[in-house]
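Okay, here's what each chain looks like letter by letter:
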Amino acid sequence: MKNHFFSGLFLFALAIGVFSAFGCKDTATDPTYVALAEIRFADYHQVEPIQIYMYPQNATAADSGSKTPTAMTYGIVTPYFNDLPTNRTSGMTYHLVAMKAGTRTVVADGSVTLMPGDKKTWLISGDGGTFDATIINDNPPANQDQNLAYFRFLNVDPDHEPQGLTIMVGDPLNGMHLADAQHYKTASDYKGIHVSFTATTPPVAIDTSITFYVVDPSNGAVLSRLSGVGLAAGTYHTLTWGGATVRIPDPITGNLTGNDTVRIRILDDDPGTDITLTPPLTFKYNIVNALIPPSYPNANFIDYSSTGLNIILNNNTTYDYQGVMPFTVVPSPIASTPNADGAIFNSVPATATLVDVMYYKLVKPFAQGKNPSALDTILFRFYAGSPRSSIKSDAMYTIVVFDSTKNRSPKTTDPDYSAPYDSSGGTLTVPIPDVPVAGAARIVIGNMLANLRTGASTNKGKFYVHDSLITKVTVFKSYDSSIVVPAGMSVTIKATIGTDPDYTYTFTPEAGGIYEAFLVGKRDHPNPAYHARFIVARVNPIQ
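Remember, predicted model here, so these are calculated numbers, not experimental data. (Residues numbered from 1 in each chain as written. Predicted model: local features only at pLDDT ≥ 70, side-chain atom pairs only at ≥ 80, totals over all residues. Heavy atoms only, no water.)

Observations regarding the packing of aromatic side chains
At step 1: For the structure on display, the rule yields 11 aromatic pairs.
At step 2: A centroid spacing of 5.6 Å and a plane angle of 75° characterise the contact between Tyr 285 and Tyr 360, whose relative ring orientation is edge-to-face. Here Tyr 360 lies in strand 25 (residues 359-364) and Tyr 285 lies in strand 18 (residues 282-290), a separation of 75 residues in the sequence. Pair check on accessibility: Tyr 285 and Tyr 360 agree, each one buried.
At step 3: By the ring-pair criterion, three or more aromatic residues cluster together here, those being Phe 41, Phe 81 and Trp 122.
At step 4: The ring of Tyr 464 carries the charged tip of Lys 494 above its face, separated from the ring centre by 4.8 Å. (Phe/Tyr/Trp six-rings, centres within 6.5 Å; stacked < 30°, edge-to-face > 60°. Helix = DSSP H or I, 4+ residues; strand = E, 2+ residues; numbered from the N terminus. Buried < 20%, exposed > 50% of the residue type's maximum accessible area, 1.4 Å probe, protein only. Lys NZ or Arg CZ within 6 Å of the ring centre and 35° of its normal.)

What follows is the structure, encoded as structure tokens:
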């Protein structure tokens, strides 16, 4: 019993000493509650791992344990350290020290005075050799509408000054402005987004989640996107953009994290934790079917001109697309201008190597309406994009499958399939720019003609937009993705090949539209339905 009494007395004395050491005498004499304070630490320095120390006045780092026992690397943010004692009138001053992990070399230090109820972030950022330290205030304004979800933007990228960075919601051109030209080491005000999606103008989402875009305001370039963010009323979140191009190994696992997963992050500003869901690497594509039926009827060749082809992706057990006719685009197009359709891009998770996840087969099904079968007649198979490193996650690509009928098809020697084949393997994976231009339209122009029956390479031509020569497009499988034209005005695309009459297509592009225009077909095909012509499709959805 005596030991218990002295233990209790010791604990009581220790508690009094702790309050005295932290300067909280007010709490000892005044029973009124004094709110505590919170602080978290964010590492957006791009090279060296660091550790953070925090201690009150009249102490040293040697007297304090590291607040981050595990070294922090780029993009790591701690939860809030709460229950920090303060003083009602003067607050409590704490020293902050950042050291290189391992060497304990001090790279940044400073102090912060925390008042009752304060929430702060100590941000360490900068390129290699530079450690910029900044205190960010995390207290939201009072009397906010609790029916909204609140977001703000913290710019931790030093490489986009003096213009800063902009955050758009829903669409990089016409969406809601969350933050405009936000400068390095600064945070925008919290902005509320209606959870119901019905009270905002313009709308920021069409489903139960929203997408944020990091945009360079000097040229409108989309630098990164964070999608699938849900909304909850009365919550507060911070988006961060660090812009690091190199991800250093995690000190625990040694694994490297892809840039898409760390450059833009989202923090929950209640506990302070990072809630970014690592997005899967995806291949965003559509397919232009520029294949043509056999030039002449032949029982040995596959004629699919009446039924179309089915497409199987990655050996799926169901068809991904059915009845794909010549000169059409899949996935199914959406209405756009009177003269062009817009193809919605599909996404394929890229969770393994390229050959495992982007394997396409075009077949004439053995039985319509059934699942893929070994009895299906294969016309075409290919891998989209090679090597895998040439494919950027979430960027848009168009796969053009074109016909190049020859007597000696390379596929006739394929040991896995029996000959003959109508097509010899002609495909091209074309990158499509996904940044709309205000008041203008982008057009990707390409020459995807099938080879002539004789095999002669006479498909070289000249391509024009408004009679301006497109120098990058001449030979078969060439394209140009840099063309921007005024919106709302008639545009004529023209191709001149040999002595043929000019091939032309005229349409009126919409503001913010992105279009693909490919010359497809076969110039000497006996059926005029498969002669050369342009396929023009809008490839970004209408806003």
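Regarding the pattern of salt bridges
At step 1: Per the stated rule, a full pass over the model turns up seven salt bridges.
At step 2: We note a salt bridge from Arg 40 to Asp 269, for which the minimum N-O separation is 2.9 Å. Of this pair, Arg 40 sits in strand 1 (residues 37-45) while Asp 269 is found in the loop between strand 17 (264-268) and strand 18, placing the two residues 229 residues apart along the sequence. One exposure class covers both Arg 40 and Asp 269, and it is buried.
At step 3: The residue Asp 269 makes a salt bridge to Arg 152 at a minimum N-O spacing of 4.0 Å. Here Asp 269, found in the loop between strand 17 and strand 18, pairs with Arg 152, found in strand 9 (residues 148-155); they are 117 residues apart in sequence, far enough to count as distant. For the residue pair Asp 269 and Arg 152, the accessibility class agrees, reading buried in each case.
At step 4: Connected via shared salt-bridge partners are Arg 40, Asp 138, Arg 152 and Asp 269. (Salt bridge = Lys/Arg side-chain N within 4 Å of Asp/Glu carboxyl O.)

A short note on the side chain of Arg 152
At step 1: The class for Arg 152 is buried, based on a relative accessible area of 3%.
At step 2: A polar contact is formed between the side chain of Arg 152 and the side chain of Asp 138, at a distance of 2.5 Å. (Polar contact = N/O pair within 3.5 Å; in protein donor to acceptor, adjacent residues only side chain to side chain.)

Some remarks on the environment of Gln 51
At step 1: Along the chain, Gln 51 falls in strand 2 (residues 50-56).
At step 2: Given the relative accessible area of 14%, Gln 51 is considered buried.
At step 3: Placed 56 residues apart in sequence, Gln 51 and Val 107 show a C-alpha to C-alpha distance of 10.0 Å.
At step 4: The residues contacting Gln 51, other than those within four sequence positions of it, are Ser 66, Thr 68, Pro 69, Ala 71, Val 97, Ala 98, Met 99, Ala 101 and Gly 102.
At step 5: Polar contacts involving the side chain of Gln 51 include one to the main-chain carbonyl oxygen of Thr 68, which spans 3.2 Å. (Contact = heavy atoms within 4.5 Å.)

Everything listed here is a matter of coordinates, which is why it stays silent on function.
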